[in-house]
Amino acid sequence: MALFHVIALDKPDALDLRLENRAAHLEWAKAAGETVRMAGPLLADDGESFIGSVFLIEAESEEALKAFQAEDPYVKAGLFQTVDIRPFKLVISN
């Protein structure tokens, strides 16, 4: 298994779309168990406005990760403008 760091940036003016799908997104992430090692919203400089999502996901491969993420209600709703996926090595965790 490998770890992947994912930064997904929302499309402009997509707050309503995010909020409409938030409950389903959170259910999807929680149901994934330890596959989603960490997740949370990415905030704008004001510290309050949502601008995207950050994930640390464990998967067999990048292709498996993409298949898993395709089931995310945010992805299905077309919330994200860009998704950056990078292999990640966990060195420190509290």
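Located above this text is the structure these notes cover.
These remarks concern the structure in this document. (Residues numbered from 1 in each chain as written. Predicted model: local features only at pLDDT ≥ 70, side-chain atom pairs only at ≥ 80, totals over all residues. Heavy atoms only, no water.)

**So, the sheet that holds strand β3 (residues 50–59)**
The 4 strands lie next to each other as β2-β3-β1-β4, forming an open sheet whose pairing is antiparallel. One side of each edge strand has no neighbouring strand; the edge strands of this open sheet are β2 (36–43) and β4 (80–88). Sheet twist, expressed as the mean angle between neighbouring strand axes with direction ignored, is 15 degrees. Two strands pair when backbone bridges link them, and strand β1 (residues 2–10) and β4 are joined in this way by 8 bridges, in the antiparallel orientation. Across the sheet, the residue bridging to L9 is T82, located in β4. Of the strands in this sheet, β1, β2, β3 and β4 touch helix α1 (residues 15–31), which is tilted by about 20 degrees from β3. Of the strands in this sheet, β1, β2, β3 and β4 touch helix α2 (residues 62–69), which is tilted by about 130 degrees from β3. (Pairing = 2+ DSSP bridges. Helix = DSSP H or I, 4+ residues; strand = E, 2+ residues; numbered from the N terminus. Axes fitted to C-alpha atoms, helices over the stretch in contact; angles between N-to-C directions. Contact = heavy atoms within 4.5 Å.)

**Some remarks on unusual backbone geometry**
Here the phi dihedral of D13 falls at roughly 55 degrees; this positive angle occurs in a residue that is not glycine. In this structure D13 comes out as exposed when scored by relative accessible area, which is 84%. (Buried < 20%, exposed > 50% of the residue type's maximum accessible area, 1.4 Å probe, protein only.)

**Let's talk about the pattern of salt bridges**
Between side chains of opposite charge, a pair can form as their charged atoms come close. In the structure shown here, the tally under the stated rule is 5 salt bridges. Here E58 ties to R37 by a salt bridge, and the two come within 3.6 Å at their closest N and O atoms. Highlighted residues: E58 in strand β3 and R37 in strand β2, separated in sequence by 21 residues. Between R86 and D84 there is a salt bridge, with the nearest N and O atoms lying 3.2 Å from each other. (Salt bridge = Lys/Arg side-chain N within 4 Å of Asp/Glu carboxyl O.)

**As for the pairing of β1**
One ladder, built from 8 bridges, connects β1 with β3; its direction is antiparallel. Counted as the bridge partner of A2 is A59 from β3.

**Considerations on the environment of K76**
Structurally, K76 is set in helix α3 (residues 73–77). Using a relative accessible area of 58% as the deciding quantity, one classes K76 as exposed. Spatially, the C-alpha atoms of K76 and H25 are 9.9 Å apart, while their sequence positions differ by 51 residues. Beyond its immediate chain neighbours, meaning those up to four positions away, K76 contacts A70 and E71.

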